[in-house]
Every structure is written in structure tokens, then in C-alpha cells.
Amino acid sequence: MAQRILALAAEEVPERLQEALQSLGEGEVRRCPAGWVPLAGKGRGSPCSQPSGVLRRLQLYKHCVPLVESGDLHLGKVSEIIGLLMLEARQLPGHALAELATLFVDVIKGGSLSNGKSLELFSTVLTALASSKESLAYGKGELNGEEFKKQLINTLCSSKWDPRSVIHLANMFRDIPLLGEELQFVVEKVLRMFSKLDLQEIPPLVYQLLLLSAKGSKKTVLEGIISFFNQLDKRQKEEQRVPQSADLEIATMPLDQLRHVEGTVILHIVSVINLDQDLGEELIRLLKTEQQKDPGRALCPFSVALLLSVAVKHRLQEQIFDFLKTSITRSCKDLQFLQASKFLQDLFPQQYDVTAVILEVVKNSAFGWDHVTQGLVDLGFSLMESYEPKKPFGGKAADTSYGLSKTPAQQACRLGASILLETFKVVYQLLLLFFYFSDLLSNIVVSAPLVLQTSSSKVTETFDNLSFLPIDTVQGLLRAVQPLLKVSMSVRDSLILVLQKAIFSRQLDARKAAVAGFLLLLRNFKVLGSLSSSQCSQAIGATQVQADVHACYNSAANEAFCLEILGSLRRCLSQQADVRLMLYEGFYDVLRRNSQLASSIMEMLLSQIKQYYLPQPDLLPPLKLEGCIMAQGDQIFLQEPLAHLLCCIQHCLAWYKSTVHLCQGTEDDDEEEDVGFEQNFEEMLESVTRRMIKSELEDFELDKSADFSLSSGVGVKNNIYAIQVMGICEVLIEYNFNIGNFSKNKFEDVLGLFTCYNKLSEILKEKAGKNKSTLGNKIARSFLSMGFVSTLLTALFRDNAQSHEESLAVLRSSTEFLRYAVSVALQKVQQLEETGQTDGPDGQNPEKMFQNLCKITRVLLWRYTSIPTVVEESGKKKGKSISLLCLEGLLRIFNTVQQLYTARIPQFLQALDITDGDAEETDINVTEKAAFQIRQFQRSLVNQFSSAEDDFNSKETQSLITVLSTLSKLLDPASQQFLQFLTWTVKVCKENALEDIACCKALLSLLFSLHVLYKSPVSLLRELAQDIHACLGDIDQDVEVESRSHFAIVNAKTAAPTVCLLLLGQVDKVLEEVDWLIKKLTSLGSDTSEDSSQASDQTQALEKGVILQLGTLLTVYHELVQTALPAGSCVDTLLRSLSKTYAILTSLIKHVSAALLTVGWLGSKNFFPICYSKLTVTPGSSYAQNWAAKVLRDTKPIPNLIFAIEQYEKFLIHLSKKSKVNLMQYMKLSTSRDFRINASMLDSVLQEHNTEDAENDSTAEQTDENQEPKKKRQRKK
């Protein structure tokens, strides 16, 4: 039969072929071979005009669909069959199409699809069905083709899908015309299938879904993809945190597999965005919207990586980076906001940190995310450029980089540097991009100096510009690349050539750059036989440098190289003072790192000092000061910093005697040579000491009556002489103390040198005071080293050795010397706080500085707590007492440690506690240690409050309160010690009627700062407002205010403006918190996600917090608007605060909630009537008259307040209508909104006032009457 049908088909006679096909039964048609498909497909034997033809076609389709999905046919044959069936499908009538479509749905529901080839036919069938106009039976009714297709899609998406066919189904829906709601249904179904697929099947499905999004539902697609991978990342973190999960059904997900899948998906999204720009814009809109609701869901590691990939070479880069930078700063601000308020921390226990998310993206980029890496680099540089401290070229930044980042901008800049550094560690090829950020470059060089060799040409190009860079930039760059100089000969040689040219440059900065470079080389290219680098104060990355410098250079070549550099530096000793100063400050570090150069350097210094040293033993003064200055026309300049030269000699000699001299070998010639210059230096310093003590001021051409002004040449010369002499005295003080070995004679010499120093110091202070200079109370920059200052203070105050008592008594007998020692310590700590380093040896060594700080703190703490200021004899001379200086020093040290040594605070507190010095670092409880120190200062403060009025020291009290405030930052707010300190502070404020304005301000500020970390301060503010009201009285004098006093610190002298302004300042902070909460409420109210129930619970908690805060604040305003505040800053600040309150209430009532009606009712009933009476003043009292006159003269805050009130009333009316609660019953509506003084009542007051003036005219002078209006006009101008 088959042969016959094929033969009839070949004859192309349709009638005979139809007859033959009609004779076939249904079973025979189903058993037809695949070769018959073309015959039926061409419609020769089964025309659709005949029911039998349609039936045979349906039978053929029903036969071919399982055949195609069986996998028994070749793919080419399958494609041919599907293609022919698709061509003929559109000719089928509607009911046949419906039956065929239903067949496909059943096949999909049954999970019979294997290769999905038949779905191409299904899409054609559904498309044809949608265009069918005939009525089709569906259930008990009828539907048209479009509605039938909609029902089929609904049935299909509601049924269970075989995970193997999801990709094919997603591809199929691309070819089907879908309405918006149908497309949304399909997309949501595909997204739900993500969790049921293997991880490797996700990328192709995502790609199909992205192509499908061209029809619409872009937001749903992107949101679903981001949410899915966000959940996977969270699950991965949970598995890493808890490796052996109790839920055994969840299979452990391989981290590398997840990261590779995420990277592939990101590539798919980026490729589709390149074709469809709307998808990229939708991505940005989605994340911006989600960030307002839930930042953690919007900016997760996957979404950030996606944004960074899209930003690379794309027109959306600027929008993306602006969004990321805004998100980063906002996150930093929110974290800062939350950390400063216990009230907000309770409402938001989980704090989102976008910086941690971005650094996690950097970590993830190690899994081959090259497309993300470039975006990370661009973002890092963008952050650093946008938020780096602004400074002029060659100048210093406004805020230093030492210590912790405080502002959001600083934190963003630090994040940019961290991104670049961590990215470099992951991908070394980014090296070429990092050269103009010296701190970052230093970290990179230390991490991998050998890798940097591949880009050495870029480094040498940078060297060519050294002469044109500021000296700070040059030093930073050279310090950064110093490890590279040891592994690359070409880089070192290029640097030497540049430095040799720069040393002869006409530009001063170029010569200083050359000196800095040569000193760097001398420090790091050691001659064999030098002491080990373990004695160096700064690590140079030796563990990372996998090359031995001596393998490239033998000892002779290395020594010759260093001696050649010294020869070049010797020429610098004849240049300007700034160049010489750099040399003198750098020689000490060179000696420590390259000890074999000691002889050459010491000989150089000896020859230099001999130019100014007068060897005659009886000649005064011992040094030629006139050779240290240079005159150019009528201007005088310092040519030789003689004090710095002597300081360099003293430090180098001390190091030489203590280190090299003890470790010398047996070479007699070198030893005799070394002993020669050592003896010369000792004899010279001894002679200079003896003669400086004998010298009078006249010997230095200085006198009390001399001119020290900086406007004349003589005055400049005298200032230079005085500073040099003072510096020389300080250098000799340190030298003689160190070599004296507690000899009484040497300490007498020290005191004699200080006498010379002190005479000049007093003269300079006196002259500066007459000139009203800000330097009048400051001492000149001290030449004493930080290490010596700590040693000196320990000896003066804490040395109890019997053998030292007689010699130390010489120094202790001079109160001025003791005050000087503490003042220098205070100066050194201040320098360390501001610059991160100090002058002198080990000034740049953080470890040494920390040890010195601990020693100084112990001494100052003992001195202050042992000898109070009250019992200390201040003497006849003016100046701060030693105890007060100790207290100021302690305050600066506590601040410095918290800024520079945050990680070492436990060790610092441990060092102060002598009783527990042997405890292990792991056992240190910072809160307990800080509480112990706080108790000592609490006792001192209580003693101040309990002392007599004449003994009360305002400055000391302020410093004590500031110290307590600084130490309180070390307490854990959840600890018992913090609560005890807060309770004590409240008690002090309640029991002490402090009348000193500055101390009152400091104490209340401390109270507020503590209270906000424990709970909301609104109840405290209410009590203070009640005290202010009771103290100042009511605005209406006929009203008697209830006498109630919560805090004795609020009294007639402090209530206004001090306490009032502090109170309003704290109220503004609470208002900021409330405003922030309202914004969170608004974002949560617009959240329609699946977690809406959780958001509802959080909304209720936020609403409750807002009600409590605002409700109590309204009672605070209720007190203040009735208080007779003095006209001026208090009234202006109150009016501005009222404007903010109205604005916040307006934004609050927009967030409609039944619970929030309480605030509106409370405000309209209790607060606003009084506020109206405050503004519309009735002159019933003298205060009202004065207050009204003041408002008339200065009405700047009034218009803003009027506008805020009107806006509030507008929305309150809407809320009243909506809630059916009359919230306007206590509001005073008026058409006149200028709030001027009542005209009729004002006239009567003015008439009374004119009557009083007329009575006084007879006794008043005419000149006074004429002058009064002029004064008023001048005040208005």
C-alpha cells in the first residue's frame, strides 16, 4: 500500500491520491512511515476543506510529535519534518489547532519532551491559534482563539515542568506573541524553576530569559536573577560559617563552581545590554528603587559585580559610578548615624555595609572575572579622585591621613585605595595603572617587588619628573619604590643619574629631592660588615625581595657606590639651609642602617662644625653665629642651621658610642681613626657646654631691649640668633644628661644651660606678647628627642633610687625646669598627633613612639594624681601649673592613641596599670582598664566641685571633663561600667550648681554624648526644658511657673543661652533621627516584596519609635515656647528648630497611619496654641515689649516658620478628612499670616512709652537725643 501511495503521489494526480488515502483506516495512518510526511505536508491528499483531510492531518501531527521527541531520527530529518509541519500548521482550522495545542500541553505536563524540537511546532500552533476568529469549545463554554491561547498558557505555567525542558520552553515563548500579563506569568514561572535546576544549567536559561525580556518584564527578569544569586551567596556564606549543616538535604555547593556560573551569567547580561540599551537603564532604575527599600537586597555582591561589568566601555558608566559612589557615602553616613544612637541601633539591629560588599566582589574576582576587574579599578580610582583630601599642588591636605577615617568622604577614599590594593593582589597585570598614588604604590611594591620589574620602564619615566614634583611627593614615591631598587639594577642606575642632575639644579625643590634620593640609597645599599637590618626602625619588605643585593654587587663596588654618593652630598653642605637641614636630619638613619659609613659621615660632620667652632677655651661665645646668616640686600637669611648640625652630631655620636664602638673588630688603624674623631667631638661638646653656661646674652649680641620684630633686618637676625642659641642649649642639655650618669656636676651644667635657654625664651615670649602674636604663649620647636623626653620625665618624677637622689635634686629644685620638661612633652605629643611622627631619632618609628607615649603617660598620670593643682605652688611667675600641663598632656595623649594606635589601645591601657603589668594581652579587658582610669579623673573632678570658690580652676575642670569624654569612648555602651559612668554624670549635673559657662557646656555635652549611646535622650531633654522654664520664668509674668529643679547645673547664669542652645542642638539631632526614620518608613511602605509581613512588623516598630520621640519632643517645645527666653540667639534658634519640627510633622502625616494620628492630635491640642501665642505677642509685660521689638528688628526666621506652619496645616486638613478625626479643632486659622504685633495694642504701648520719654526730656541732654538715631542707623548697616 505504501508503494502505491508513493506512486500516485509521483503522478501528481490529487483525486486518485485522495481516494487512496481515504481508504486508509486510522490505525494505518498512524503506522505510516516518516517518508509520508512530505506527502501529507504538501496537502495533496488531505485538503483542509474536507473533515476527513483535517482528521488525517491531525492524526499525522499526533504521530509525528512523539516520533520527533523519541530521538530515533537523525537531527536533519527531524528538522525537515518540523519545518514541513510548521508550514502546514497555519492551514488547520481553529478546532484542530486547539486540539493540537492541547496535545502539546499534555506532552509537556507529562514530561515527555526529550530534545524539545517539537516545541518549534508548538509555538507556530499557538501563534496560529491566537489569530483564529472562530469560536472554540472550552469546557462547557466557547472561547475565541486569543482567549483559548491565554487559557492554555495559564494551564501550562500552572503545571509542573520537567527541569530538562525549561530551557526549551523559555526559548519557545520567544516566538509566541504574549500580552503583558501573559509574559509576566511566563517569566515568573521560569524564575521559579531556577531553584530546581542544576547550577550549570542556569546560564543558558538566563540567556533565554534575557532574550525573552525584549518583549517586556525587564524589571522582573533582572530582579529575579539578582535575587536568586543573592540567595545563593547567602547560603554559601552560611555553609562556610557552619560547615556541617544540620540540614542534610541541602547539598554543599562548590564555591568555585558558583563563582564561575555567576561570572558566565554576568557576561550574558552584559552582552544582552550591549544589544538592548533599555535593559541597562532598567537595571539602574531597579537598583536605585530597591536601594531605597532594602540596600542589602539591592547592592549584593552579584549586583555590584554586574554593575561594574556593565560600566566597562559603556555609555552608562557615569550613571553607574555616580550611583555606586552615592550608595557608598550613604551607607557610611547611615552606619555613622546608627553607631551614634542607641535608639536607632535598637530599631535597626542589622547594619548594612556596602564597603564590605564591594571588597567581597574584589575577592570573588579571583575566579576569572576579568570583566569585573576593570570596573573595580575604575571605581577605585574614581573614589580616590572624588573624595581625596583637597590640597594645592605641593601643599598639605586639609585633613591628614593619620589615624582613623572619620567622615564618609574619608571612608570612601580609603575604600578606593583598598579596592585597588586588593585587586592588585588578585590580578598583577593592573600594575601599570597605579603610579600616582604613593601610599598605594608602596603597598603594591612590598607585596610583589619582582612582579614590578616587568613595568620598570614606567618607574624610570616617573623618575624623570622628580625635579618638578613637591618634596613630599618625591619622598613618598622614593619610599614606595625602595624595595624595587634592590632587585633592579636598571631602575637604581636611572635614579642615580636623575639625582646627580638634580643636585646641580637651580630649583631648591630639585636639590632637596636629590638629597632625599641619595639618603634613601645610603640607607638601603649597605656595605658588607654593617650591622643587621633588624636594628632598623622601618621594615623595607626584605621578606618579599627574593634577591640578595650582594649577589649583584660585591662589597668593594657597593662601598665605592656609597662613598660616591657621600661625595655628592658633601657638596650640599655649601647650599641653602633647607638642603643642609635635610642632610642633618637624614644622617642618623643612614648610620643606623649602614654602620660601615660611620667614619665617613662623622668626619664630614666634624669638618663642617669646625667652620663655626672657636677652639680658644676662654673665648665667648664658643660658636660663630655670624657665619650662620647670609644677607641679600636688606634681607637676612639663615645659611647654616647650626643647632640642627649640633643635634645631628650629638645623636650620631651617642649611637656610635653605644653601638658601633662596642661591636668594632680588631683593626687597629680603623679603631685609632675612629677614636680620633670621637675624642674630638667629646672635647668640642664639653668645651661648648662649659662656655655656653658662662656666656651672657650680650655675648650673642642679644639683649632684653633688642629688636625682635620680623619686619626689620635687625629683628630677623636677632630672632635667628635667639632660636639657634636656644636650640644649641637644648642639644647640650640632652647630651650632658645622657653622658652624666646621674652626676651632680653634669646636672648642674644641665641647669645652667636651661638658664640660658629660659632667658631667651622669656624674652621671645615677652616680645611676641607685645606684638599680640599668637605665638606669645608657645615655645619654639624643641630639639629634644621623644625618647629623651620620656627618659627625662621619668627621672624627674618617678626615679626613687637612693644613688640618684642628690643629683636629681638639682633639677627638681627648679620649678621652671620641671615646667619646661612637661611643656616639651606636650609639644612632642601634639606634633605626633598632627603629623604622625616627631623630630629626632626614631621619630618615624611607630613602635618606638608608642613605647615613649606609654612611658610619658605613666609619668604624667602619676604626677597629676599625686600632686593636685590646688596644693601646688604656682610661684610668682605667670604660666600654667605643672599639674595643669600634665593634664593637658594626658588629654592629647589619649586623643593621639585613639587616632594613631587604635589596635594597640589594650596594650596602652595595660602599660598604665602597674599593678597588672604581667597579664597576657589576650586577657586585657579594655572597658575595665578604661573604667579604672576614669575613676581617677572622676575623683579629681569631684574635688574641683567641692573646693572653695577661690580654689576652683575653670581650665582644669574643662580639661578633666574632656579627658573623661575621651576615655568614655573606650567603654562598651552595653557594659555595667558605662552605665555607672552615665549615672555618675547625671548625678554630678543634678547636684552641682555650676555657674562657669565653659564647664557647664563641657559637662552637658558629655552627658548628651553618653546618654544617646544608652537610650534616647528625649526624657532628659524634657527635664532640662522644664528646668529652663522654671529658672527663666514664663513669657507671661502673671503666670507662676511651678518650682521644680531636676538639674542644679541649670541656674540663672547657665540657663540661657548656654543650656538652652545645647538643648536645642540636641533636639535638632533627635529631629534628624526622626526624619531619617520617616524616610525609612516611606521606603518600607512602598515595599511590595514577598517579605511584606516582616516589613509590616518593622514598620510598626518604626512608627512606635517616631511617636515616642516626637511626642516627647513636643512636650519639650511646650516648655520652651512658654519660657521667657532672652532675645537673641536663643529665640532665633528656637524659631529655626520649630520650623524643622513643622517640616518633619508635615512629612510624617503624609505617611498615613492610624497610629500616627496620636502625634497630630497631641501637637494640635497641646503645642500649637501656645506656639501661636508665642508668635502673636500681646504686650502684657515688659518682657513682651522687649521681645516684640527684637522680633520686629530681626525677623529672618519668621517667614520660614510661617511657611512650615501653612504646609503642615494644609496636609493636616487632608489627614483630618481622610481619618474622619477633627485634628484642626485646636488650630488657629487666619487670613493674615505675617504674625506681626497686634496693631491696636501696640499703639497703646507706644503711647505709654512716649509719655515716659516726655517726662524724662527735661533731664536728658540734647546731644544724647541727637546721637541715639545715628547709633541705630549704624547698627542696621
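Residues numbered from 1 in each chain as written. Predicted model: local features only at pLDDT ≥ 70, side-chain atom pairs only at ≥ 80, totals over all residues. Heavy atoms only, no water.

Draft legend 1. Up close: the environment of Leu573. Here Leu573 is to be found in the loop between helix H30 (555–572) and helix H31 (577–593). Sequence spacing of Leu573 and Leu605 is 32 residues, and the spatial spacing of their C-alpha atoms is 9.6 Å. In this view, Leu573 contacts Arg580, Leu583, Tyr584, Met604 and Gln608; residues no more than four positions away in its chain are not counted. (Helix = DSSP H or I, 4+ residues; strand = E, 2+ residues; numbered from the N terminus. Contact = heavy atoms within 4.5 Å.)

Draft legend 2. Broad picture of the packing of aromatic side chains. Scanning the model with the defined rule gives 16 aromatic pairs in all. Taking 5.3 Å as the distance between ring centres and 50 degrees as the angle between the ring planes, the aromatic pair formed by Phe850 and Tyr901 counts as tilted. One end of the pair, Phe850, is in helix H40 (residues 846–866); the other, Tyr901, is in the loop between helix H41 (882–900) and helix H42 (905–912), and 51 residues separate them in sequence. Taken together, Phe737, Phe742, Phe747 and Phe788 form an aromatic cluster joined through their ring pairs. (Phe/Tyr/Trp six-rings, centres within 6.5 Å; stacked < 30°, edge-to-face > 60°.)

Draft legend 3. Geometry of the nonpolar core. Among the nonpolar cores identified, the biggest contains 236 residues, and Leu521, Leu569, Leu605, Leu793 and Phe937 are the most heavily contacted of them. Ranked by residue count, the leading element in this core is helix H48 (residues 1055–1085), at 16 residues. The contacts of Leu793, once residues within four sequence positions are left out, are Arg798, Ala821, Val822, Ala825, Ile856, Val859 and Leu860. In this structure, Leu210, Leu232, Cys332 and Val357 belong to the second largest nonpolar core, which totals 76 residues. (Core = buried A, V, L, I, M, F, W, Y, C linked by side-chain atoms within 4.5 Å. Buried < 20%, exposed > 50% of the residue type's maximum accessible area, 1.4 Å probe, protein only.)

Draft legend 4. A look at helix H43 (residues 926–946). Spanning 21 residues, H43 covers 30 Å between terminal C-alpha atoms, matching the ideal 30 Å at 1.5 Å per step. The N-capping residue of H43, defined by a side-chain oxygen 3.1 Å from the backbone nitrogen of Thr927, is Asn925. (Expected span 1.5 Å × (residues − 1). Polar contact = N/O pair within 3.5 Å; in protein donor to acceptor, adjacent residues only side chain to side chain.)

Draft legend 5. Just unusual backbone geometry, in detail. Of the consecutive residues Leu620 and Pro621, the connecting peptide bond is found in the cis state with omega at -5 degrees. With respect to the secondary-structure elements, Pro621 resides in the loop between helix H32 (598–609) and strand E3 (629–632). Here the residue pair Ala1056 and Pro1057 is connected by a cis peptide bond, since its omega of 5 degrees sits within 30 degrees of zero. Positive phi, normally seen in glycine, also occurs at Asp842, with a value near 60 degrees. By relative accessible area, which is 17% here, Asp842 ends up buried.

Draft legend 6. View of the side chain of Arg580. Positionally, Arg580 belongs in helix H31. Here Arg580 falls in the buried class, since its relative accessible area comes to 4%. Reaching out from Arg580, the side chain makes a polar contact with the side chain of Tyr612 at a distance of 3.4 Å. Of the polar contacts made by the side chain of Arg580, one reaches the side chain of Glu640; its length is 2.4 Å. Once you skip the residues sitting within four places of it in the chain, Arg580 turns out to touch Cys572, Leu573, Ser574, Gln575, Gln608, Tyr612, Gln639, Glu640 and Pro641.

Draft legend 7. Inspection of the pairing of E3 at higher detail. Two strands pair when backbone bridges link them, and E3 and strand E4 (residues 635–638) are joined in this way by four bridges, in the antiparallel orientation. Among the inter-strand pairings, Ala631 is bridged to a residue of E4, identified as Ile636. Between the end of E3 and the start of E4, which pair antiparallel, lie two residues, with Gly633 showing a positive phi angle near 70 degrees. (Pairing = 2+ DSSP bridges.)

Draft legend 8. Representation of the pattern of salt bridges in the model. In the structure shown here, the tally under the stated rule is 18 salt bridges. For the salt bridge of Glu682 with Lys657, the shortest nitrogen-to-oxygen distance reads 3.0 Å. Here Glu682, found in helix H34 (residues 668–694), pairs with Lys657, found in helix H33 (residues 642–660); they are 25 residues apart in sequence, far enough to count as distant. The partly exposed category is assigned to Lys657, whose relative accessible area is 29%. Through salt bridges that share partners, Asp233, Arg259 and Glu262 make up one connected network. (Salt bridge = Lys/Arg side-chain N within 4 Å of Asp/Glu carboxyl O.)

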